[in-house]
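Each chain, written out:
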Amino acid sequence: MKDIPNFDQFVKVEEINKGWSKDKKYYVETKDQERLLLRISAVSEYDEKKKEFEIMKKLATVGVNMSQPIAFGICDDGKSVYQLLCWVDGEEAKEVLPSLSVKEQYDFGWEAGQMMLKMQKAESYPASLEWMKIYGDRVAKDITENGSCRENEE
């Protein structure tokens, strides 16, 4: 990690143990009080992570509310790939949704749908069947483990 450009500007690096990916994730603060998200992956995933980073750059241009891409490269003496992104404050939807009313959940879903439309406009090809299956399986698992979001209906 120390060979990431501007690593000497990092004053705080805290591991984050959330999310679905196998990436190691870190909350980073710099000397200039900039807050960042650092993602580290195996170098064997270089092509996939480079493509992901390029897609994020495209999505940033159409106004998708997400961590904005800053830098991408190889680190850890060639053993890892890093993505450096702007930090976005917030809470995980799976933790917040159950406490919302049905209308608030609907509004949240509608906004997510609008974001998906922006993403679809930026990307000229649909999600692969493999991605849809993986994502669908993960969502189904979350619902099974955490219960339906409709538990708190008014």
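Residues numbered from 1 in each chain as written. Predicted model: local features only at pLDDT ≥ 70, side-chain atom pairs only at ≥ 80, totals over all residues. Heavy atoms only, no water.

1. Description of the layout of surface pockets
Empty space left among the atoms is revealed by rolling a probe the size of a water molecule over them. What the second largest pocket holds in volume is close to 150 Å³. As for the second largest pocket, its lining consists of 13 residues, of which Asn 6, Phe 10, Glu 34, Leu 36 and Leu 84 are closest to the centre. Broken down by secondary-structure element, the contributors of at least two residues to the lining of the second largest pocket are strand E4 (69-75) and strand E5 (80-86). The class makeup of the residues in the lining of the second largest pocket is eight nonpolar, three polar and two charged. (1 Å grid on protein atoms, 1.4 Å probe; cavity = no way out; pocket = protein on both sides within 12 Å on 5 of 7 lines; lining within 4 Å. Points joined across faces, edges and corners; volume = space filled by probe spheres on them. Helix = DSSP H or I, 4+ residues; strand = E, 2+ residues; numbered from the N terminus. Nonpolar A, V, L, I, M, F, W, Y, C, P; charged D, E, K, R; others polar.)

2. With respect to the pattern of salt bridges
For the structure shown, the criterion picks out eleven salt bridges. Among the salt bridges present, the one from Arg 39 reaches Asp 23, with a minimum N-O distance of 2.9 Å. Taken together, the positions of Arg 39 in strand E3 (residues 35-42) and Asp 23 in the loop between strand E1 (10-16) and strand E2 (24-30) put the pair 16 residues apart, joining distant regions of the chain. Measuring nitrogen to oxygen at the nearest pair gives 3.3 Å for the salt bridge that ties Lys 50 to Glu 54. (Salt bridge = Lys/Arg side-chain N within 4 Å of Asp/Glu carboxyl O.)

3. Focus: the confidence of the model for the protein
A residue-level look at the protein finds 79% of positions with pLDDT of 70 or above and a mean pLDDT of 82. Across residues 148-154, confidence stays below pLDDT 50; counting only partners more than four residues off in sequence or on other chains, it has twelve contacts. (pLDDT = per-residue confidence, 0-100. Contact = heavy atoms within 4.5 Å.)

4. Observations regarding the nonpolar core
Counting residues in hydrophobic clusters, the biggest one holds ten residues: Ile 4, Phe 10, Tyr 26, Val 28, Leu 36, Leu 38, Ile 40, Cys 75, Tyr 82 and Leu 84. Broken down by secondary-structure element, the contributors of at least two residues to this core are E2, E3 and E5. It is E3 that contributes the most residues to this core, three residues altogether. Apart from the residues lying within four places of it in its own chain, the contact partners of Phe 10 are Val 28, Glu 29, Thr 30, Leu 36, Leu 38 and Leu 84. (Core = buried A, V, L, I, M, F, W, Y, C linked by side-chain atoms within 4.5 Å. Buried < 20%, exposed > 50% of the residue type's maximum accessible area, 1.4 Å probe, protein only.)

5. Describing the sheet that holds E5
The five strands are arranged E1-E2-E3-E5-E4 in an open sheet whose pairing can be described as antiparallel. Each edge of the open sheet is held by one strand with a lone partner, namely E1 and E4. Between one strand axis and the next, the sheet turns by 25 degrees as a mean value, whatever way the strands run. One ladder, built from six bridges, connects E1 with E2; its direction is antiparallel. Across the sheet, the residue bridging to Phe 10 is Thr 30, located in E2. Packing against the sheet, helix H1 (residues 46-61) makes contact with E3, E4 and E5, and its axis sits at approximately 170 degrees to E4. (Pairing = 2+ DSSP bridges. Axes fitted to C-alpha atoms, helices over the stretch in contact; angles between N-to-C directions.)

6. Focus: H1
In a regular helix each residue adds 1.5 Å, so 16 residues correspond to 22 Å; H1 covers 23 Å between its end C-alpha atoms and thus fits that length. Among the residues making up H1, those that are buried are Lys 49, Phe 53, Met 56 and Leu 59. Each buried residue of H1 lies within a common arc of 120 degrees when the element is viewed along its axis, so the set occupies one face. Facing away from the buried side of H1, by more than 90 degrees, are the exposed residues Asp 47, Lys 51 and Thr 61. Two residues or fewer past H1, Gly 63 is found with a positive phi of approximately 85 degrees. (Expected span 1.5 Å × (residues − 1). Arc of directions from axis to C-beta.)

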